[in-house]
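The lines below spell out each chain.
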Amino acid sequence: QVHLVESGGGLVQAGGSLRLSCAASGGTFNSYAMSWFRQAPGKEREFVAAISWSRTTYYVDSVKGRFTISRDNAKNTVFLQINSLKPEDTAVYYCSARGRLIATSSNAYDYWGQGTQVTVSS
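Residues numbered from 1 in each chain as written. Predicted model: local features only at pLDDT ≥ 70, side-chain atom pairs only at ≥ 80, totals over all residues. Heavy atoms only, no water.

Draft legend 1. View of the side chain of Asp89. Tracing the sequence through the fold places Asp89 in the loop between strand E8 (77–82) and strand E9 (91–98). By relative accessible area, which is 1% here, Asp89 ends up buried. Non-local contacts of Asp89, meaning those with residues more than four positions away in its chain, are made with Arg38, Arg66, Phe67, Ser84, Val118 and Val120. (Helix = DSSP H or I, 4+ residues; strand = E, 2+ residues; numbered from the N terminus. Buried < 20%, exposed > 50% of the residue type's maximum accessible area, 1.4 Å probe, protein only. Contact = heavy atoms within 4.5 Å.)

Okay, here's the thing in structure tokens:
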């Protein structure tokens, strides 16, 4: 069983930056693919970014060039650096984990955190 805890969300003005963290416990962190999803009010949860066990990364087109996913296996932590924030980035951001390979469907992920709120003011 893998337990995931996100942190780093908050209220920020458009154009600002945040760094989200997701600390994992249980399981073998360096064997998991880790992803970030987000869910805005009234919308479905959507894939944002993922990093495989071998550090291959993948992003949804809308965040390419602004978001960077990374992992620190020594600290069992995955990060999401978010730059040039836009009001449409406002959402609850969730961390998730699955077997080695990246997937973009939320149904493919076995473990989820509780989420961290990101609010971007215009």
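Draft legend 2. Local environment of unusual backbone geometry. The backbone of Arg55 sits at a positive phi, close to 75°, despite the residue not being glycine. Tracing the sequence through the fold places Arg55 in the loop between strand E5 (46–51) and strand E6 (57–59). Since its relative accessible area comes to 45%, Arg55 is described here as partly exposed. Notably, Ser84 is not glycine yet its phi reads approximately 50°, a positive angle. Structurally, Ser84 can be placed in the loop between E8 and E9.

Draft legend 3. How the structure looks around the pairing of E9. Where burial is concerned, most of E9 is hidden: seven out of the eight residues are buried. Note: strand E4 (residues 33–39) against E9, seven bridges, orientation antiparallel. When the sheet's bridge partners are listed, Ser35 is paired in E9 with Ser96. With three bridges connecting them, E9 and strand E11 (residues 116–121) associate as antiparallel partners. What sits directly across from Ala91, in E11, is Val118. Where E9 meets strand E10 (residues 111–112), two bridges bridge the pair, whose relative direction is antiparallel. Looking across to E10, one finds that Ala97 is bridged to Tyr111. (Pairing = 2+ DSSP bridges.)

Draft legend 4. Layout of the sheet that holds strand E1 (residues 3–7). Taken in spatial order, the four strands line up as E1-E3-E8-E7 in an open sheet, and their pairing is antiparallel. Of all strands in the sheet, those with a lone pairing partner are E1 and strand E7 (67–72), marking the two edges. Direction aside, the axes of adjacent strands within the sheet are offset by 15° on average. Strand direction decides the pairing type here: strand E3 (residues 18–25) and E8, joined by six bridges, are antiparallel. Within E8, the position partnered with Ala23 by the bridge is Thr77. (Axes fitted to C-alpha atoms, helices over the stretch in contact; angles between N-to-C directions.)

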